[in-house]
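What the coordinates show
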Amino acid sequence: MAHILKRALEVLRTEGPPGIVHRLAHLCGRHFSSIHMLVLVSSFDSLPDIVARQDKQTQAMKRALATPLDFKQVLLSDEQEIDELTELDPWKYPKSLTLDKLREGWICFVAKKDDRILACAWVVVNRDFDLLERPFALGPGEAFYWRGFCVPSCRGGGIFPQLMAHIVEQVGRERSITRHITLVLASNVAVQHSLAKIAWKVVGRAGYVEIFGMRFQYLWGREAFKDTQKRFFLHRVHQSSH
Ligand SMILES: CC(C)(COP(=O)(O)OP(=O)(O)OC[C@H]1O[C@@H](n2cnc3c(N)ncnc32)[C@H](O)[C@@H]1OP(=O)(O)O)[C@@H](O)C(=O)NCCC(=O)NCCS
């Protein structure tokens, strides 16, 4: 036991937490899984200029960027947009989930050009929600952003950060939101670059490590979901989450 502990401390010292996670994954094989996310908050006061890189622009993107984008909040009655979103969704979420989220009070915004959706993002304000099979609490004046994407043909054109900047400004103004927060996969470099363009900053980490059906949840960073009480805990995983 002492030998294992000594070895673990050595790995932690030389490789950090990823080294431990990597070795656990190797030891436990298919009984191991983990998700690691960054917690980011928006920290700009006025809309910045988002300059799309010319070298990466495709024809579709050039057309999309030639004139300003239209931003729109999608309502339950917007059947056409909801069908289009279901078709475009990178995670293949069913239409029923989109309808459920809208009924629960989640807010969906899209960026459009020539009546076609180019990007989408969801936001929820002043309420708690569950993610990764754990609760997150939002404080007064806090909004959480989720499920953002840009259509593949227009990626790299700065469309998603423009949409996010628009939502932050509108939600902030209309709902007195002063703190905008999101979670992104630590491995998703594209979304981190995108949000960095509009001054979102990493303030913490969240995720879990699961071994033999037991999941260790973590949430750290003083500025990350300040109102969430349960930050480190262990729980058994529901069968349906696999
Ligand atoms: C992440 C995402 C929303 C960014 O949207 P976007 O409008 O392309 O954002 P940007 O134009 O600011 O590009 C951001 C980064 O994407 C990467 N990128 C550029 N061109 C790309 C392309 N053709 N395909 C994929 N990624 C590309 C680059 O790293 C770029 O950063 P850089 O401009 O500093 O080089 C988009 O890539 C996407 O929909 N990804 C799949 C869904 C997803 O991961 N969503 C985030 C969930 S939290």
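Structure: above.
Not measured: the values here are computed from a predicted model.

With that out of the way, let us pick up the overall build of the protein chain. When its secondary structure is counted, the protein chain shows seven helices and 11 strands. Residues counted as buried form 27% of the 242 residues belonging to the protein chain. For the protein chain, the proportion of contacts with a sequence separation of at least 24, taken over those separated by at least 6, is 66%.

Pairing is mixed in the open sheet, where nine strands are placed in the order β2-β3-β4-β7-β8-β1-β9-β10-β11. Looking at the sheet topology across the chains shown, the edges are occupied by β2 (70–74) and β11 (232–236). Put simply, the sheet's adjacent strands are angled 25° from each other on average, direction ignored. Pairing geometry for strand β7 (residues 142–150) and strand β8 (residues 179–185), over four bridges, is parallel. What sits directly across from Ala-143, in β8, is His-180.

Membership of the largest hydrophobic core comes to 46 residues, with the highest contact counts inside it found for Ala-119, Val-123, Leu-163 and Met-164. Elements supplying a minimum of two residues to this core: β1 (32–42), β3 (107–113), β4 (116–125), β7, α6 (159–175), β8, α7 (189–196) and β9 (200–211). Ranked by residues supplied to this core, first place goes to α6 with eight residues. Not counting residues within four places of it along the chain, the set of residues in contact with Met-164 comprises Ala-121, Gly-148, Leu-195 and Ile-198.

Moving on: the site of the ligand. Close to the ligand lie 21 residues, the nearest being Arg-155, Gly-156, Phe-160, Ala-190 and His-193. Of all the elements in the fold, those that place two or more residues in the shell around the ligand are β7, α6 and α7. With five residues, α7 is the largest single contributor of residues to the shell around the ligand. Across the shell around the ligand, the residue classes tally to 10 nonpolar, seven polar and four charged.

Another aspect to go through is helix α1 (residues 2–15). For α1, with 14 residues, the first-to-last C-alpha span of 20 Å sits near the 20 Å given by 1.5 Å per residue. Among the 14 residues in α1, zero count as buried, and that is only a small part of the element. Just past α1, the residue Gly-16 takes up positive phi, approximately 80°.

On to the packing of α1 against helix α2 (residues 17–28). Contact pair α1 / α2: the axes reach a minimum separation of 6 Å and the direction vectors enclose 130°. With respect to each other, α1 and α2 are oriented oblique. Of the residues in α2, those touching α1 at Ala-8, Val-11, Leu-12, Thr-14 and Glu-15 are Pro-17, Pro-18, Gly-19, Ile-20 and Arg-23. Class assignment for the residues of the contact of α1 with α2 results in six nonpolar, two polar and two charged.

Next up on the list: the pairing of β4. With seven of 10 residues buried, β4 is to be regarded as a mostly interior element. Joining the antiparallel neighbours β3 and β4 is a turn of two residues, in which Asp-114 adopts a positive phi near 50°. Here six bridges tie β4 to β7, and the two strands are oriented antiparallel to one another. From the neighbouring strand, Cys-120 faces β7, where its bridge partner is Phe-149.

Working note: α-helix, 3.6 residues per turn, so residues spaced by three or four point in the same direction. Here α6 spans 24 Å end to end across 17 residues, near enough to the 24 Å set by a 1.5 Å rise per residue. When we look at burial in α6, the residues that qualify are Ile-159, Phe-160, Pro-161, Gln-162, Leu-163, Met-164, Ala-165, Ile-167, Val-168 and Val-171. Ser-176 sits one or two positions beyond α6 and adopts a positive phi of about 55°.

Before going further, it helps to examine the pairing of β9. Note that β1 and β9 share 11 bridges and pair antiparallel. Counterpart to Phe-32 in the pairing with β9 is Ile-211. Bridge analysis of β9 against strand β10 (residues 214–220) gives seven bridges, and the strand direction is antiparallel. Within β10, the position partnered with Glu-210 by the bridge is Arg-215. Two successive antiparallel strands, β9 and β10, enclose a turn made up of two residues, where Phe-212 displays a positive phi of approximately 50°.

Rules and cut-offs
Residues numbered from 1 in each chain as written. Predicted model: local features only at pLDDT ≥ 70, side-chain atom pairs only at ≥ 80, totals over all residues. Helix = DSSP H or I, 4+ residues; strand = E, 2+ residues; numbered from the N terminus. Buried ≥ 20, exposed ≤ 12 C-beta atoms within 10 Å, placed from the backbone. Contact = placed C-beta atoms within 7 Å. Pairing = 2+ DSSP bridges. Axes fitted to C-alpha atoms, helices over the stretch in contact; angles between N-to-C directions. Core = buried A, V, L, I, M, F, W, Y, C linked by C-beta atoms within 7 Å. Near = placed C-beta within 6 Å. Nonpolar A, V, L, I, M, F, W, Y, C, P; charged D, E, K, R; others polar. Expected span 1.5 Å × (residues − 1). Parallel < 35°, antiparallel > 145°, perpendicular 65-115°, else oblique.

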